[in-house]
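# Observations on the model geometry
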Amino acid sequence: MERFQKFILLPLILTASLSGLGFCYSIIRGPSNATVLAGSEARFNCTVSEGWVILIWLSNGNPVLTVINSQGAVETSDRFTSQNYTSSSGFTSELIIHKTQLSDSGKIECSIQQTSENGFAFLSVQVNGSLFIKNSTVTVKENKTVEIVCEAIGWAPAPDITWMTNDSFIDKSRYATQQNQGSNGLHNALSTLTLTPTDTEILTCLADIEALPNPQNASVTLIFVNSTLDNYYSEDNRSTWVIVLAIVLSFLGIVLLIIIIVVVVRCCCLKKKGSTYQNEIRKVSSEKNKDGDLQNRQRHGSENQGYIPEERWNTEQSPGIASLPPVSSKLTVPAGGLHTSSSRKVGPQRHADYLISPKKIRNMTLV
């Protein structure tokens, strides 16, 4: 704060001293007007004759930089700097304002502390806002009117909006532009173009301010659809949908047929497998029954169907022979006439003249 006060008092003191001394020097060429975009640099030149002592730069009446012949520039802010040039015609001081703001707009003065010698210019700081059209493509049928809206937001000053179609400017009577200023000091604009197209065209909205080297633009493609062509497209679309639907249904039918075939084959396989299993069960059961019969035959034998009892055979073979009384199996031998010998003599055997009933024998055949 003390430094700023000294900076303010210094020009006053110098003014009083220089006026008393009666030095005479003048401004040869003062600064020129400048228009810049916010955030950029602004430059102003002031050329004074030889013999100058002090030069002061003021922005909207406030001193921002002082240049003393014997000391050089006295800078109090990083946003305000200077460059000095000396030539045979005099001394030139260049004021550079960095990162310009809207508040910097106004009067820029170059003062040499002479009552009638002040050079001044005006600085205009402008803001490049945004520009857009909501739809990038618009379709319009024959004999239909359409409105295209172009919106500019956050500009300073309010932009000048114009329209072009296929690189040709559109008459201003065909569009209307409304502007308003927001609380932040920036301007908004809304431009509405009304037209009845007869062909496909490209519409361009342009917004321009002095600080812009080229206008900002936004474009939209307007597609014109003929009624006859529209009907053709409708029929073509309908045919296309029919073809697509037929293909889809055919595909679904083939898939369904394949599924049915797979299911049928699967069922047949399962049925065949079940039948084979039942046959195997029956076969195993039959073999078990055969094994059981064989075991029973081995255990109990089987009856010989060709066997004939002996009594029946003898009766049939010798019907004329009378039955003899049974012969006793006991033989009576006199005791005195019994002789024993260790050696067994075999004599001739006598055959009986009659049939002796043989012992009944039953033959069994085991299989």
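Up top is the structure these notes are about.
Described in the following lines is the structure provided in the data block.

Conventions adopted
Residues numbered from 1 in each chain as written. Predicted model: local features only at pLDDT ≥ 70, side-chain atom pairs only at ≥ 80, totals over all residues. Heavy atoms only, no water. Helix = DSSP H or I, 4+ residues; strand = E, 2+ residues; numbered from the N terminus. Buried < 20%, exposed > 50% of the residue type's maximum accessible area, 1.4 Å probe, protein only. Contact = heavy atoms within 4.5 Å. Areas by Shrake-Rupley, 256 points an atom, 1.4 Å probe, with all protein chains shown as cover. Pairing = 2+ DSSP bridges. Axes fitted to C-alpha atoms, helices over the stretch in contact; angles between N-to-C directions. Phe/Tyr/Trp six-rings, centres within 6.5 Å; stacked < 30°, edge-to-face > 60°. Core = buried A, V, L, I, M, F, W, Y, C linked by side-chain atoms within 4.5 Å. Disulfide = S-S within 2.5 Å.

### Details of the overall build of the protein
Within the protein, the secondary structure is distributed over 3 helices and 19 strands. Split into buried and exposed, the 367 residues of the protein put 26% on the buried side. A fraction of 62% describes how many contacts in the protein between residues 6 or more apart in sequence connect residues 24 or more apart. Carbon and sulfur atoms form 55% of the exposed surface of the protein, whose accessible area is close to 26400 Å².

### Some remarks on the sheet that holds strand β16 (residues 175-181)
Pairing is antiparallel across the open sheet formed by 4 strands, whose spatial order is β11-β13-β17-β16. Two strands bound the open sheet, and with one partner strand each, they are β11 (130-133) and β16. Each neighbouring strand pair of the sheet contributes to a mean axis angle of 15°, computed without reference to strand direction. Pairing geometry for strand β13 (residues 146-155) and strand β17 (residues 187-195), over 8 bridges, is antiparallel. Within β17, the position partnered with V146 by the bridge is L195.

### Considerations on the pairing of β16
Bridge analysis of β16 against β17 gives 7 bridges, and the strand direction is antiparallel. By the bridge assignment, Q179 is partnered in β17 with A189.

### Observations concerning the packing of aromatic side chains
Using the criterion set out here, one finds 2 aromatic pairs in the structure. Note on W52 and F91: the rings are 4.3 Å apart at their centroids and 20° apart in plane angle, and the pair reads as stacked. Linking W52 in the loop between β3 (42-48) and β4 (54-59) with F91 in strand β8 (residues 90-97), this pair joins segments that are 39 residues apart in sequence. For the pair formed by W52 and F91, the shared burial category is buried. Both rings, one in F120 and one in F122, keep their centres 6.1 Å apart while their planes meet at 85°; by these two values the pair is edge-to-face.

### A word on the nonpolar core
Within the largest apolar cluster, 28 residues are counted, with the highest numbers of intra-cluster contacts made by F44, V48, L55, W57, I97 and L123. Those elements that provide at least two residues to this core are β2 (34-37), β3, β4, β5 (62-68), β8, β9 (106-114) and β10 (117-126). The element contributing the most residues to this core is β4, with 5 residues. One finds I133, C150, W155 and L203 within the second-largest nonpolar core, a separate group that totals 24 residues.

### Comments concerning the state of the cysteines
As used in these notes, a disulfide is a covalent bond between sulfur atoms, one from each of two cysteines. Across all of its chains, the model carries 2 disulfides by this definition. With its sulfur 2.0 Å from that of its partner, C46 forms a disulfide with C110. Between C46 and C110, the S-S torsion sits near -75°, and that sign places the bridge as left-handed. Pair noted here: C46 is in strand β3 and C110 is in strand β9, with a separation of 64 residues, a long-range link. Taken as a pair, C46 and C110 share a single burial class, namely buried. The disulfide that involves C150 links it to C205, with 2.1 Å between the sulfurs. Disulfide C150-C205: the torsion about the S-S bond is -85°, which places it as left-handed. Taken as a pair, C150 in strand β13 and C205 in strand β18 (residues 201-208) lie far apart in primary sequence, 55 residues in all. The two residues C150 and C205 agree in class, both being buried. Of the cysteine sulfurs around C269, a residue in no disulfide, the closest is that of C268, at 6.9 Å.

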